[in-house]
Amino acid sequence: MYYWSVGTHLGQNPVAPHQKHQGLKQKEKKLPVCASQKRKRKRKNSQFVTETPRPAPSTRSPPRPAAPLPSARPSSPHSRKRRASYPILISPPFFSAAAGQRHATRLTPASDPLLTRHPEMATAAAFSVSSPAASAVAARSKVFGGVNQARTRTGCRVGITRKNFGRVMMALAVDVSRFEGVPMAPPDPILGVSEAFKADKSELKLNLGVGAYRTEELQPYVLNVVKKAENLMLEKGENKEYLPIEGLAAFNKATAELLLGADNPVINQGLVATLQSLSGTGSLRLAAAFIQRYFPEAKVLISSPTWGNHKNIFNDARVPWSEYRYYDPKTVGLDFEGMIADIEAAPEGSFVLLHGCAHNPTGIDPTPEQWEKIADVIQEKKHMPFFDVAYQGFASGSLDEDAFSVRLFVKRGMEVFVAQSYSKNLGLYSERVGAINVVCSAPEVADRVKSQLKRLARPMYSNPPIHGAKIVANVVGDPTMFGEWKQEMELMAGRIKNVRQKLYDSLSAKDKSGKDWSFILRQIGMFSYTGLNKAQSDNMTDKWHIYMTKDGRISLAGLSLAKCDYLADAIIDSFHNVN
Ligand SMILES: Cc1ncc(COP(=O)(O)O)c(C=O)c1O
């Protein structure tokens, strides 16, 4: 078994993408490809070599600060700087300098899951070779200035871990897993809640963690109109050919029209670049990659708090972000002044991530007047509005009402990014259907933007899945089914509103402290932000078997009328008896 090791010094600036491979090439030319590679040797004292190309000044884009990355690696007691090393298995045919080089060049943050999680790894790749080859490199490194921490003529930092036995060497020992150096990732704060829920044997248990719609019997729900569309698709016997990179044309048309209104002039004028992508998350990720590539200086402003995955998405795309104030714990409402002040204070040309409706996790949306003011500030500061629309039609029950904010910005003639999801409003969670739309100032701009989005999508996932896109296109394209969908959406939104009201009634009736629970009624969408802190949320789970995220968010879509009294008891106990 041969392997790659990729090492870098954390905190060091990343090398510019177009220079990354150059650095490797230089190294590759000098690395001896020795005959010893053909001999299969089992050496316990394997050598480890790292070469970290120094960031050379980029001609295309100036260096930008690295986004905060998780530092999952303990520092080596033997290195002065903290070093992370990542063993990657490769098959024997790859084990030549040239083949290895080809393999390394394919390890881009976009395409490799390991590098996606740790993009800093992409800054360097080096052979981890057994003794003779490593000795040759060691000798070369001596010529260039000695081992470990030395700068070579190639501008590379060379380190030989013959003496540098740390965690890395453990990973190379023959009788332990090559993945010894891979630490356990923490559970996802949202999806991890469902895993804990499954493990709980109590009959009282209630899963209010994940944002997925349940029936009054707390069962998952497949919309009737979805079943109908699927049956029609089966009858037609449609094939499973690849979609183009941009997705299903009928879906792209339908989704832009749903979002902006079918008669919106920007559609007829060809100003909208729409690409079907992997639901809301994938669409956000694609947009983040676009920002990273074409606006390397810009940062994204996100609300505090926000949906837990936003920060992951921008971190992994290496897009710097900061937060604007949004939630006011004193009023359990919107901190509108704080929000405006923070957007105003951000560097001109920032991207402002806005939840189109049903803000997650707070359930607190700006009023139409407040949206106008937000648009004013964004326009004045030449910021780019970037909407995340994950709940269109699901918040109010009306597709048009829930698109108010986006349409307001578009009506002002602003260029706008919008990520869309059909997970909630059509219940297509696992089909991964959504889109990224970019409203541009001219048709040729839209064409160019679309071409670049396609270029980004191709190496990421090639092309999107067809099934969910066909369901959306068929439902929206058929007046009868479209009407049925709207009715079902109203029913779902209505059930959540009823549960919201019942929870408020139960809390108000049971809590004798005089606390005002009316904030629950002012919130909108599938969530309620209860104001419970982490300890209180823990109490909800540990004592009452109610599963929720630790920020105090509960999904009302996972609650039934019958369970409202029980939930109210748990909230009152946690709120008054736990600090
Ligand atoms: C605000 C927000 N954006 C995006 C998403 C993305 O969801 P999906 O990737 O399932 O479409 C969600 C899902 O919970 C969300 O709440």
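Just above sits the structure.
So, here's what we can say about the structure. This one's a predicted model, so the numbers in the text were calculated from it and none came from an experiment.

For strand β14 (residues 384-389), a buried count of six out of six residues is recorded, marking the element as mostly surrounded by other parts of the structure. Burial along β14 is two-sided: M384, F386 and D388 facing one way and P385, F387 and V389 facing the other are all buried. Crossover connection from strand β13 (residues 351-355) via helix α13 (residues 368-380) to parallel β14: handedness right-handed. Bridging between β14 and strand β15 (residues 416-421) involves four bridges; their strand directions are parallel. Each bridged residue has a counterpart across the sheet, and for V389 the counterpart in β15 is Q420.

So, about the site of the ligand. Near the ligand you find 13 residues, and of these S279, G280, T281, S421 and S423 are the closest. Of all the elements, helix α10 (residues 279-294) adds the most residues to the shell around the ligand, at three residues. Taken together, the residues of the shell around the ligand break down into three nonpolar, nine polar and one charged.

The next thing to look at is α13. The end-to-end C-alpha distance of α13 is 19 Å, a good match for the 18 Å that 13 residues give at a rise of 1.5 Å each. Trailing α13 by a residue or two, K382 shows a phi angle of about 55°, which is positive.

Our focus in this paragraph is the nonpolar core. Counting residues in hydrophobic clusters, the biggest one holds 119 residues, and the most contacted among them are A287, V300, F386 and V472. Considering each element in turn, this core owes the most residues, eight residues, to helix α18 (residues 479-510). Split by domain, this core shows at least three residues from each of two domains, domain 2 (191-221 + 485-577) and domain 3 (246-477).

How two helices pack is summed up by the angle between their axes together with the distance between the axes. Between α10 and helix α16 (residues 443-461), the least distance of the axes is 10 Å, while the angle of their chain directions is 110°. The angle between α10 and α16 falls in the class roughly perpendicular. Both α10 and α16 take part in a crossing whose hand is right-handed. Where α10 abuts α16, its residues L286, A289 and F290 lie against Q452, L453, L456 and A457. Its residues assigned to classes, the contact of α10 with α16 shows six nonpolar, one polar and no charged.

Here we come to the sheet that holds β14. Read across the sheet, seven strands follow the order β8-β16-β15-β14-β13-β9-β10 without closing on themselves; strand pairing throughout is mixed. Strands at the two margins of the open sheet, each flanked by one partner only, are β8 (272-278) and β10 (321-325). Across the sheet, the mean angle separating the axes of adjacent strands is 25° when strand polarity is ignored. By the bridge criterion, two bridges tie strand β9 (residues 300-304) to β13 in an arrangement that is parallel. Along β13, the bridge assignment pairs L301 with V352. Contacts between helix α12 (residues 336-345) and the sheet are confined to β9, β10 and β13, with β10 contributing the most and set at about 145° to the helix.

Next up on the list: the pairing of β13. With five of its five residues buried, β13 lies for the most part within the structure. Residues of β13 alternate between two faces, with F351, L353 and H355 on one and V352 and L354 on the opposite face, all of them buried. With five bridges connecting them, β13 and β14 associate as parallel partners. By the bridge assignment, H355 is partnered in β14 with D388.

At a closest axis distance of 9 Å, the pairing of α10 and helix α11 (residues 308-316) adopts a crossing angle of 35°. Between α10 and α11 lies a crossing of right-handed hand. Note on element contacts: α11 touches α10 through N309, I313 and F314, opposite T281, L284, R285 and A288. Split by residue class, the contact of α10 with α11 holds four nonpolar, two polar and one charged.

Definitions and cut-offs
- Residues numbered from 1 in each chain as written.
- Predicted model: local features only at pLDDT ≥ 70, side-chain atom pairs only at ≥ 80, totals over all residues.
- Buried ≥ 20, exposed ≤ 12 C-beta atoms within 10 Å, placed from the backbone.
- Helix = DSSP H or I, 4+ residues; strand = E, 2+ residues; numbered from the N terminus.
- Right-handed = clockwise from strand over helix to strand, strands pointing away.
- Pairing = 2+ DSSP bridges.
- Near = placed C-beta within 6 Å.
- Nonpolar A, V, L, I, M, F, W, Y, C, P; charged D, E, K, R; others polar.
- Expected span 1.5 Å × (residues − 1).
- Core = buried A, V, L, I, M, F, W, Y, C linked by C-beta atoms within 7 Å.
- Domains from an automatic or database assignment.
- Axes fitted to C-alpha atoms, helices over the stretch in contact; angles between N-to-C directions.
- Parallel < 35°, antiparallel > 145°, perpendicular 65-115°, else oblique.
- Left-handed = near helix turned anticlockwise from the far one by under 90°.
- Contact = placed C-beta atoms within 7 Å.

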